[in-house]
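# Results of the structural survey
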Amino acid sequence: FSYTLDNNVLTTEQRQFYEDNGYLLIKKLVSDEDIERFRKEFVRICKREVRPAGAMIMKKEALRSQYGQSESVVNKVQDFQEDEELFRYCTLPEVLRYVECFTGPNIMAMHTMLINKLPDSATQTFLHPMHQDLHYFPFRPASRIVCSWTAMERADQDNGCLVVQPGTHKLDLKPHGYPLKEGKINKLFHGLLDEDEKIPKVHLVMEKGDTVFFHPLLIHGSGINKTSGFRKSISCHFASSECYYIDVKKTSQEHLEKELEEMARRKYNLTSVELRDIWNFRARLVQGERINL
């Protein structure tokens, strides 16, 4: 086994499935009560009743005149590590029990998101192209990083569920950039520049509370929401605190580094900032001891 650790939580069949496919779906892992608390906190953030430090609130500006600042406008709350209510997700024992199977006992929460996929049939604004999450991360090794992604309501092909290409976690990190397609492109929604259409895709149909754990090299994305409702999910990328930062200069990740640093400089009115500073701000220890990250 290369991608999982032996701690008597996963069955041999579950470990083998993750080794072969790069993801593992656990049914009804997160309770309805917790999901309802996360949903209520998201609505409070949308209404600006709560303003978490450092959180990036992504909105569809064109809808604001129609709906004001509301759930109908906000499509993502990213970096919610300073919001104690949403950050509870990253500390849930039932989630960490599985995370430890991939990271080991010293666990950092590195990147957090609550996604509210808005109805979007025409412009495909909220389609997330196929990508590998490792493109965003300047730390390694990849096999000690895992994403936990929980459906906050049923996710299917109608409302833009996750789409994965099983087995692609065994590939190298590929070049990413903004897709050369018509229509609006969202900031930092990078995708593969050269997608292999021959690799089969699996649509992960999930019920409320279902949680998928997946490897940062697994190629995945999500479609558009063709319904009139929202499709919410909450996720965290966890890493072993024994992971280490790498220099991404002269790699396929260098242009992302420049984009993130420029965004951070503008947002916080800084004269200079380094990629590692951004990640140090995002990262929080959730179990064990903090070693490198």
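In this report, we go over the structure that sits alongside the text. Computed from a predicted model, the values in this text were never measured in an experiment.

Conventions adopted
Residues numbered from 1 in each chain as written. Predicted model: local features only at pLDDT ≥ 70, side-chain atom pairs only at ≥ 80, totals over all residues. Heavy atoms only, no water. Helix = DSSP H or I, 4+ residues; strand = E, 2+ residues; numbered from the N terminus. Buried < 20%, exposed > 50% of the residue type's maximum accessible area, 1.4 Å probe, protein only. Polar contact = N/O pair within 3.5 Å; in protein donor to acceptor, adjacent residues only side chain to side chain. Core = buried A, V, L, I, M, F, W, Y, C linked by side-chain atoms within 4.5 Å. Salt bridge = Lys/Arg side-chain N within 4 Å of Asp/Glu carboxyl O. Arc of directions from axis to C-beta. Contact = heavy atoms within 4.5 Å. Pairing = 2+ DSSP bridges. Disulfide = S-S within 2.5 Å.

Time to look at the environment of Gly 229. Assignment of secondary structure puts Gly 229 in the loop between strand E13 (220-222) and strand E14 (231-240). In sequence terms Gly 229 and Asp 247 are 18 residues apart; their C-alpha atoms lie 42 Å from each other.

This brings us to helix H4 (residues 84-91). Judged by how many residues are buried, H4 sits mostly within the fold: six of eight residues are covered. Considered for burial, the residues of H4 that qualify are Glu 85, Leu 86, Phe 87, Arg 88, Tyr 89 and Cys 90. A side-chain oxygen of the first residue of H4 lies 3.2 Å from the backbone nitrogen of Glu 85; this N-cap is Asp 83.

Another aspect to go through is the nonpolar core. Formed by 38 residues in total, the largest nonpolar core has its most connected members in Tyr 89, Cys 90, Val 95, Phe 213 and Phe 238. Where this core is concerned, the elements lending two or more residues are strand E1 (23-26), helix H2 (32-46), strand E3 (74-78), H4, helix H5 (93-103), strand E4 (107-117) and E14. For this core, the element with the most residues is H5, which contributes six residues.

A few words now on the pattern of salt bridges. Going through the model one piece at a time under the given rule, you end up with 18 salt bridges. In this structure, the salt-bridge partner of Arg 154 is Asp 156, at a minimum N-O distance of 3.0 Å. The exposure class assigned to Arg 154 is partly exposed, which follows from its relative accessible area of 37%. Residue Asp 156 is classed as buried on the basis of its relative accessible area of 14%. Between Glu 262 and Arg 265 there is a salt bridge, and its shortest N-O distance comes to 3.0 Å. Of this pair, Glu 262 and Arg 265 are both found in helix H6 (residues 254-268), three residues apart, which corresponds to roughly one turn of the helix. The class of Arg 265 is partly exposed, set by a relative accessible area of 25%. Overlapping salt bridges, with partners in common, bring together Asp 34, Arg 37, Glu 85 and Arg 88 in one network.

For helix H7 (residues 275-282), every residue scored as buried is listed here: Leu 275, Ile 278, Trp 279 and Arg 282. Take H7 and look down its axis: the buried residues cluster within an arc of 95°, on one side only. In this structure, the buried side of H7 is in contact with E3, E4, strand E6 (139-140), strand E15 (244-245), H6 and strand E16 (284-287).

Another point: the environment of Arg 144. Assignment of secondary structure puts Arg 144 in the loop between E6 and strand E7 (145-151). Once residues within four sequence positions are removed from consideration, Arg 144 is found in contact with Ser 2, Tyr 3, Thr 4, Leu 5, Phe 102, Thr 103, Phe 238, Ala 239, Ser 240 and Cys 243.

Turning our attention to the environment of Leu 217. Its place among the elements puts Leu 217 in the loop between strand E12 (211-214) and E13. In this structure, the C-alpha to C-alpha distance between Leu 217 and Leu 171, residues 46 residues apart in sequence, is 7.1 Å. For Leu 217, the residues in contact, after removing those within four places along its chain, are Gln 132, Leu 134, Ala 142, Thr 168, His 169, Leu 171, Asp 172 and Leu 173.

One open sheet accounts for four strands, arranged E5-E13-E8-E11; its pairing is antiparallel. The sheet is open, and its two borders are formed by strand E5 (128-131) and strand E11 (202-203), each paired with just one other strand. For E5 and E13, the ladder comprises two bridges, and the chain directions are antiparallel. Bridging from a neighbouring strand, His 131 pairs with His 220 of E13.

With that settled, the discussion passes to the state of the cysteines. If you walk through the whole model with that rule in mind, you get zero disulfides. Take Cys 147: it sits in no disulfide, and the sulfur closest to it among the cysteines is that of Cys 236, at 7.6 Å. For Cys 147, a relative accessible area of 1% corresponds to the buried category. Here Cys 236 stays unpaired: no disulfide links it, and the sulfur of Cys 90, its closest cysteine neighbor, is 3.6 Å away. When its relative accessible area of 0% is taken as the criterion, Cys 236 is described as buried.

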